[in-house]
Amino acid sequence: MVLITGQSAWAQYPQGGQGSVWLGSYNTALQEANRANKPVLLHFSATWCGPCQQMERGVFPHPQVQQLLRSSVAAVKVDSDQNPQLVQQYGVRGLPADVMIDPRNGKVLLHSENYLDVGAYTSMIDGVAQKYSMSVAQAAPAQRMQNKTPATLPGNQNFERKSAPSQSMSNADDVGLDGFSPVALQRARQWMRGDSRFAWDHQGITYFMASEQELADFKLTPEQFAPKLLGCDPVVLWDTTKAVSGSTQFAAFYDDSLFLFVSRESRDRFKENPRRYMRTEQVLRRTDVQRLVQALPDESSDSTRQAENPAKTEVR
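Before going into details, it helps to say that this report is about the structure given with it. Since the model is a prediction, treat every value here as computed from it, not as a measurement.

Tallied over the full model, the rule gives 11 aromatic pairs. Here the aromatic cluster, defined as three or more aromatic residues joined through ring pairs, consists of Trp238, Tyr254, Phe259, Phe261, Phe270 and Tyr277. When the ring centre of Phe253 is taken as origin, the NZ or CZ atom of Arg189, which lies over that ring, is 3.6 Å away. Taking NZ or CZ as reference, Arg193 lies 4.6 Å from the ring centre of Phe180, over its face.

Written as structure tokens, this is what we have:
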């Protein structure tokens, strides 16, 4: 395995083309995977990576590998230098890397960072592809979540919602923004209930969008809509180096990016000096995140939850 340490000016591998088992882009692979009920395979590589070149010459041309990639997955090569967004999105730290995802919801089915020979590679890909086929055959229709009437903007400063969202959904800890749509929140500053039919996994957290169009937009640029730092409180992270999930009770936008905090006090500290808390360079994974288990300050007398917009509420 080669660690990703820099960029190369060398040319990308050729992608797509007549008869190729590799599709031309990430979005094309998602579309093909949904059409054919296959998982998506992203193979991350670089022209400067020796083990990547060994797989390129000695593994991928093998007839068994070619047949598997053609029949069982929607495969695309990702040049790590040309696609840093995807490298960050899927937490790739070494090359070569293979990531398989469920095209229905974006969940990561496999994450491997190593050189593999023909036997090991085909065994790994085929095993995940077969499990995916079984899950498709056994899947029940997704249950529709009830939409909540979105709150309106009270003036030009804050947007707010009343009453906490339902936590009856399964694996609620892995549902981002308590099931509200990050796209509606980003674009309209509205707390709009998402729908489980329009779910997508981003960095181990599942987000519910409110419509098919919102889902398509989120897939293209999830980092634009998802809370920063996996929804962890940047003040707590700065002070303690602990990644603790913030709450939708205490949300704020800064430079059009959404941040969540564990308390009003923490949010107020951020507003005093946001650039300090944005300087953190820690790379987080979902397994790093701790849920806040201690009781938050009692706000039963004030059920309004706010997420402040710096366009008028100065946070800069």
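Between helix H3 (residues 63–72) and helix H5 (residues 118–138), the shortest axis-to-axis distance is 10 Å and the interhelical angle comes to 15°. In terms of orientation, H3 lies roughly parallel with respect to H5. Every pair of crossing elements has a handedness; the one defined by H3 and H5 is left-handed. Contacts between H3 and H5 involve Gln64, Val65, Leu68, Leu69 and Ser72 on the former and, on the latter, Val118, Tyr121, Thr122, Ile125, Asp126 and Ala129. Across the contact of H3 with H5, the residue classes break down as 7 nonpolar, 3 polar and 1 charged.

This next bit is on the state of the cysteines. Applying the stated criterion across every chain, the model contains 1 disulfide. Covalent S-S linkage joins Cys49 and Cys52, the inter-sulfur distance amounting to 2.4 Å. On the sign convention where negative means left-handed, the S-S torsion of about 80° between Cys49 and Cys52 marks this disulfide as right-handed. Since its relative accessible area comes to 1%, Cys52 is described here as buried.

Here we take up the pattern of salt bridges. Tallied over the entire structure, the rule returns 8 salt bridges. Among the salt bridges present, the one from Asp201 reaches Lys107, with a minimum N-O distance of 3.8 Å. Here Lys107 lies in the loop between strand S6 (97–101) and strand S7 (108–113) and Asp201 lies in strand S9 (residues 199–202), a separation of 94 residues in the sequence. By relative accessible area, Asp201 is classed as buried at 7%. With a relative accessible area of 36%, Lys107 lands in the partly exposed category. Asp239 is the partner of Arg269 in a salt bridge, and the nearest nitrogen-oxygen pair spans 2.7 Å. Remark: Asp239 occurs in helix H9 (residues 234–240) and Arg269 occurs in helix H10 (residues 264–272); sequence separation between them is 30 residues.

With respect to the helices and strands, the residue Asp102 is situated in the loop between S6 and S7. Given a relative accessible area of 5%, Asp102 falls into the buried group. Aside from chain neighbours lying at most four places away, what touches Asp102 is Lys107, Leu109, Tyr132 and Trp200.

Our focus in this paragraph is the sheet that holds strand S2 (residues 22–23). One open sheet holds the 5 strands; their spatial order is S2-S4-S3-S6-S7, and the pairing between them is mixed. Looking at strand neighbours, the two that pair on one side only are S2 and S7, the edges of this open sheet. With 5 bridges connecting them, S6 and S7 associate as antiparallel partners. Pairing of Ala97 across the sheet is with Glu113, part of S7. Where helix H1 (residues 26–36) meets the sheet, it contacts S2, strand S3 (40–45), strand S4 (74–79) and S6, and its direction lies at approximately 165° from that of S4. Its contacts with the sheet put H5 on S3, S6 and S7, and the angle it makes with S7 is roughly 170°.

The next subject is the environment of Trp191. Among the structural elements, Trp191 can be located in the loop between helix H6 (182–188) and S9. Through-space distance from the C-alpha of Trp191 to that of Phe180 is 6.2 Å; in sequence the pair is 11 residues apart.

Attention shifts here to the pairing of S6. For S6, a buried count of 5 out of 5 residues is recorded, marking the element as mostly surrounded by other parts of the structure. On S6, burial covers both faces: Ala97, Val99 and Ile101 on one face and Asp98 and Met100 on the other are all buried. Hairpin connection of S6 to S7: 6 residues between the antiparallel strands, including Gly106 at a positive phi of 80°.

The subject of this paragraph is H5. Taking 1.5 Å per residue as the helical rise, H5 with its 21 residues ought to reach 30 Å, and the 30 Å between its terminal C-alpha atoms agrees with that figure. When we look at burial in H5, the residues that qualify are Val118, Tyr121, Thr122, Met124, Ile125, Val128, Ala129 and Tyr132. Looking straight down H5, one finds its buried side chains confined to an arc of 160°; they lie on one side. Set apart from the buried face of H5 by more than 90 degrees, the exposed residues are Ser123, Lys131, Met134, Ala137 and Gln138. Residues of H5 that are buried make contact with S3, helix H2 (50–58), H3, S6 and S7.

How each quantity is defined
- Residues numbered from 1 in each chain as written.
- Predicted model: local features only at pLDDT ≥ 70, side-chain atom pairs only at ≥ 80, totals over all residues.
- Heavy atoms only, no water.
- Phe/Tyr/Trp six-rings, centres within 6.5 Å; stacked < 30°, edge-to-face > 60°.
- Lys NZ or Arg CZ within 6 Å of the ring centre and 35° of its normal.
- Axes fitted to C-alpha atoms, helices over the stretch in contact; angles between N-to-C directions.
- Helix = DSSP H or I, 4+ residues; strand = E, 2+ residues; numbered from the N terminus.
- Parallel < 35°, antiparallel > 145°, perpendicular 65-115°, else oblique.
- Left-handed = near helix turned anticlockwise from the far one by under 90°.
- Contact = heavy atoms within 4.5 Å.
- Nonpolar A, V, L, I, M, F, W, Y, C, P; charged D, E, K, R; others polar.
- Disulfide = S-S within 2.5 Å.
- Buried < 20%, exposed > 50% of the residue type's maximum accessible area, 1.4 Å probe, protein only.
- Salt bridge = Lys/Arg side-chain N within 4 Å of Asp/Glu carboxyl O.
- Pairing = 2+ DSSP bridges.
- Expected span 1.5 Å × (residues − 1).
- Arc of directions from axis to C-beta.

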